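Understanding the architecture of this molecule
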Amino acid sequence: MAVTTVEFGKRHYHLQEEMIKWCKDNLGNNPRYSNWVFATPVDWTRLGNWCVSSAFGSTSFHFKNESDATMFALRWK
């Protein structure tokens, strides 16, 4: 399954929690224990419609549906 990823550099790091809250409010909460993953998902089993990963100050939001990624990018980019 294709994954659409929206990436942010270090200058957006301080907005992570606000972005996650926006995703929860607008796209639903992830059914797992956490919305965080270690890398781009290859299988969405047991994941919701979105998840987030971060390394060295860069943050990536991954979306199952391209339309969700577009709506997110319009809000945060």
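Preceding this paragraph is the structure being described.
Computed from a prediction, not measured in an experiment: that's the story for all the values here.

1. What to know about the overall build of the chain
- Tallying secondary structure elements over the chain gives two helices and three strands in all.
- In the chain, the succession of α and β elements from N to C terminus is β-α-β-β-α.
- Taken over the C-alpha trace, the chain has a radius of gyration of 11 Å; the compact-globule value for 77 residues is 11 Å, and the two agree within 12%.
- Taken along its principal axes, the extent of the C-alpha atoms in the chain is 30 × 25 × 20 Å.
- Across the chain, the fraction of contacts at a sequence separation of at least 24, relative to all contacts at a separation of at least 6, is 51%.

2. Description of the environment of A69
- If you trace the backbone, A69 turns up in helix α2 (residues 66-76).
- In contact with A69, other than residues within four places in its own chain, are T4, V6 and F63.

3. Topic: the nonpolar core
- Judged by nonpolar contacts, the single largest core of 15 residues is most densely connected at C23, F61, F63 and F72.
- When contributions to this core are tallied by element, the ones reaching two or more residues are β1 (4-8), α1 (16-27), β2 (50-55), β3 (58-63) and α2.
- In terms of residue count, α1 provides more of this core than any other element does, five residues in total.
- Excluding its chain neighbours within four sequence positions, the residues that come into contact with F72 are V6, F8, M19, W22, C23, F61 and F63.

4. What to know about the sheet that holds β3
- Spatial ordering of the open sheet is given by β1-β3-β2, a layout of three strands whose pairing is antiparallel. With partners counted over all chains shown, the strands left at the sheet margins are β1 and β2, one partner each. Between one strand and the next, the sheet's axes are offset by a mean angle of 20°, whatever the strand orientation.
- For β2 and β3, the ladder comprises six bridges, and the chain directions are antiparallel.

5. Quick word on the pattern of salt bridges
- Here the structure, examined in full by the defined rule, presents two salt bridges.
- A salt bridge links E18 to R75; its shortest N-O distance comes to 4.0 Å. Here E18 is found in helix α1, whereas its partner R75 is found in helix α2, with 57 residues between them in sequence.
- On the accessibility criterion, E18 (43% relative accessible area) is partly exposed.
- Between K21 and D25 there is a salt bridge, with its nearest N and O atoms 2.6 Å apart. Of this pair, K21 and D25 both sit in helix α1, four residues apart, which is roughly one turn of that helix. No difference in accessibility class separates K21 from D25, as the two residues are exposed.

Criteria and thresholds
- Residues numbered from 1 in each chain as written.
- Predicted model: local features only at pLDDT ≥ 70, side-chain atom pairs only at ≥ 80, totals over all residues.
- Heavy atoms only, no water.
- Helix = DSSP H or I, 4+ residues; strand = E, 2+ residues; numbered from the N terminus.
- Rg over C-alpha atoms; globule rule 2.2 N^0.38 Å.
- Contact = heavy atoms within 4.5 Å.
- Core = buried A, V, L, I, M, F, W, Y, C linked by side-chain atoms within 4.5 Å.
- Buried < 20%, exposed > 50% of the residue type's maximum accessible area, 1.4 Å probe, protein only.
- Pairing = 2+ DSSP bridges.
- Axes fitted to C-alpha atoms, helices over the stretch in contact; angles between N-to-C directions.
- Salt bridge = Lys/Arg side-chain N within 4 Å of Asp/Glu carboxyl O.

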